[in-house]
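Residue-level listing of the chains:
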Amino acid sequence: MAVEVIMPKAGSEMEEGEIVQWFKKEGDEVKEGEVLLEIVTDKVNMEVEAETSGTLLKILAKAGDVVPVVQTIGWIGKPGEKIPLSSSDKKETETIIEKKVDYTPVKEIEKIDYSGLRATPAARAYAREKNIDLSKVVGTGAKGRIHKDDVVNYKINEKIKISPLAQKIAEVEGINIKSLKGTGPNGKIMKKDVLALINGEKVETKKPQPKVEEKAKKEEKAPNENEWGVVETVPMTPMRKVISKRMSESYFSAPTFVVNVEVDMTELLALRKKVQDTIIAETGKKATVTDFVSLAVIKSLMKHPYVNASLSKDEKEMYLHHYVNLSIAVGMDSGLVVPVIKGADKMSFKELVVASKEITTKALEGKLKPNEMADSTFTISNLGMYGVQSFVPIINQPNTAILGVSATVQKPVVVDGEIKIRPIMMLTLTADHRVVDGLEGAKFMKTLKAAIENPISLLI
């Protein structure tokens, strides 16, 4: 009996996932436990394994589709086996909330509401005849109106992978997209490929058509172009949507206050230099400034549990954590992830160095699992490597506070009545005033400053 492949629910807050790629095609043999496809959730990229052995009979959702959790996206069974298509299955396959592929089945095209879409009757008739989704065709008529020629050209070029913006620029400039070589994923033609041809190479243009409308088409601006230039429209990824939602919720729900403290890094940098070779020899990892700051944060949090707390949803209880699950914010091109070093308070410095490198590497490679980003009690965000000297981070809820770590900068300071140049770092604490008072936040930062400026105490 055929077995469904479903969009997994990786975490209680996951509502949908986007399919990045299938590693198998229809008709391929699949073994239980073998990686079948890759998806991206609101937090991470993850691989989905086959739950049974057999043949991949059908793929219902393709790369680029965004699918609700637990919806059927494929079937595995015996070769030639019929796939169940109950009414509920049909209903599910029609609920894919976002399509990013050019092909649309006839039954879906017939159900698409084209009200408000500007297209000539000839264009609509040709689209129905050729099973083309008009909403994906870029119109070249007045105010973006779609003409039959636009639909014909779309049909001719639909096998050529090209971004909508690149296609529009090519049309406006009269460039034959068949002459372009794409540098995007799977050879997709991107905006930069078209612009490169326009700016530096001989352009192969389309032969002018003897139509009265052609001149008007040439003079019209693309819908995403204004008097200053082209505006690129970039869709929000599932990860970006959730980051947007959570940051808004955190910013508007938590009344926060900010505490800034300058820390003299002289002793910490000297200690790091002394132990660096030993750490590398025993762990194979290099101890960074962030590792030492993290250790100081962990030690300080154990003395100030309200900074290491969380608030219940009904705001009637506070949870004081007498342990530290430390989150380290990791920025990537696709968004921000916050992996968690669990039980960090029980680790030696060497163990902390190894754990931080492993979890950060997994984050950058997109291999984090949902449980590796859960149960955080406190977060560190470090922008110092980019030369940032001060910033105010937003709390990673349900944490009560977050620490912003900035660059270490040589500054003149007064030491024993004399002006000296010292490496100074700015630390910024953003705290939820519902749980932490300003006095408690100041005490925590005082403890943290003392720990960093006398780092030998951290290793005792």
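Structural data are supplied above this passage.
In this text the structure is predicted, and so the values were computed from the model without any measurement.

What counts as what
The written sequence of each chain sets the order in which its residues are numbered from 1. At least 70 in pLDDT is required for a residue's local features to be given in this predicted model, at least 80 for side-chain atom pairs to be given and counted, and no such filter applies to totals for whole chains, interfaces and linings, which use all residues. The basis for every side-chain value is the complete set of heavy atoms in the structure, and neither hydrogens nor water enter the calculation. Pairing between strands is defined by DSSP: at least two bridges between the two strands are required. Note on conventions: DSSP H or I runs of at least 4 residues are helices, E runs of at least 2 residues are strands, and numbering of each starts at the N terminus. By definition in these notes, contact holds between two residues if any of their heavy atoms fall within 4.5 Å. In this description, a line fitted to the C-alpha atoms serves as the axis of each element, helices being fitted only across the stretch in contact, and the angle between N-to-C directions of two axes falls anywhere from 0 to 180 degrees. Patch membership needs two things, relative accessible area over 30% and no salt bridge, and members are linked within 9 Å if like-charged or within 5 Å if nonpolar (Val, Leu, Ile, Met, Phe, Trp, Tyr). The accessible surface values rely on the Shrake-Rupley method and a 1.4 Å probe; as for residues, cover is taken only from the protein chains in view. The term salt bridge refers to a pairing of a side-chain nitrogen on Lys or Arg with a carboxyl oxygen on Asp or Glu at a separation within 4 Å. Working definition: with a 1.4 Å probe on protein chains only, accessible area under 20% of the residue-type maximum means buried, over 50% means exposed, and in between means partly exposed. By this rule the span expected of a helix is its residue count minus one, scaled by 1.5 Å.

Q: Which parts of the structure should I look at to understand the sheet that holds strand 11 (residues 256-264)?
A: To summarise the sheet geometry, strands pair through backbone hydrogen bonds and adopt either a parallel or an antiparallel arrangement. As summarised here, the arrangement of the 6 strands in space is 11-20-19-18-14-17, forming an open sheet in which the pairing is mixed. Unpaired on one side and paired on the other, strand 11 and strand 17 (340-341) mark the two borders of the sheet. Relative to strand 18 (residues 378-382), strand 14 (residues 326-328) runs parallel, the two being bridged by 3 bridges. Opposite Leu 326, over in strand 18, you have Phe 378 as the bridge partner. Sheet contacts for helix 10 (residues 289-301): strand 14, strand 18, strand 19 (401-415) and strand 20 (418-432); angle to strand 18, the most-contacted strand, approximately 155°. Across the face of the sheet, helix 12 (residues 438-453) comes into contact with strand 11, strand 18, strand 19 and strand 20 while running at roughly 20° to strand 11.

Q: When you look at a nonpolar patch on the surface in this model, what are you seeing that I'm missing?
A: There is a patch of nonpolar side chains on the surface, built from Tyr 251, Phe 252 and Ile 394 and spanning about 380 Å² of accessible area. One can find Phe 252 in helix 8 (residues 238-253). The class of Phe 252 is exposed, set by a relative accessible area of 68%.

Q: Can you walk me through helix 10 in this structure?
A: Structurally, the α-helix is built with 3.6 residues per turn, so residues lying three or four positions apart point the same way. The first and last C-alpha atoms of helix 10 sit 18 Å apart over 13 residues, in line with the 18 Å expected at 1.5 Å per residue. Across the 13 residues that make up helix 10, a large majority, 11, are buried. Looking at the buried side of helix 10, the elements it contacts are helix 9 (266-283), strand 14, helix 11 (349-364), strand 18, strand 19 and helix 12.

Q: What should I look at first to understand the pattern of salt bridges in this one?
A: Side chains carrying opposite charge are able to pair once their charged atoms draw close together. Evaluated as defined, the whole model comprises 12 salt bridges. A salt bridge links Asp 28 to Lys 25; its shortest N-O distance comes to 3.5 Å. The exposed category is assigned to Lys 25, whose relative accessible area is 55%. Taken together, the shared-partner salt bridges connect Glu 315, Asp 432 and Arg 434 into one network.

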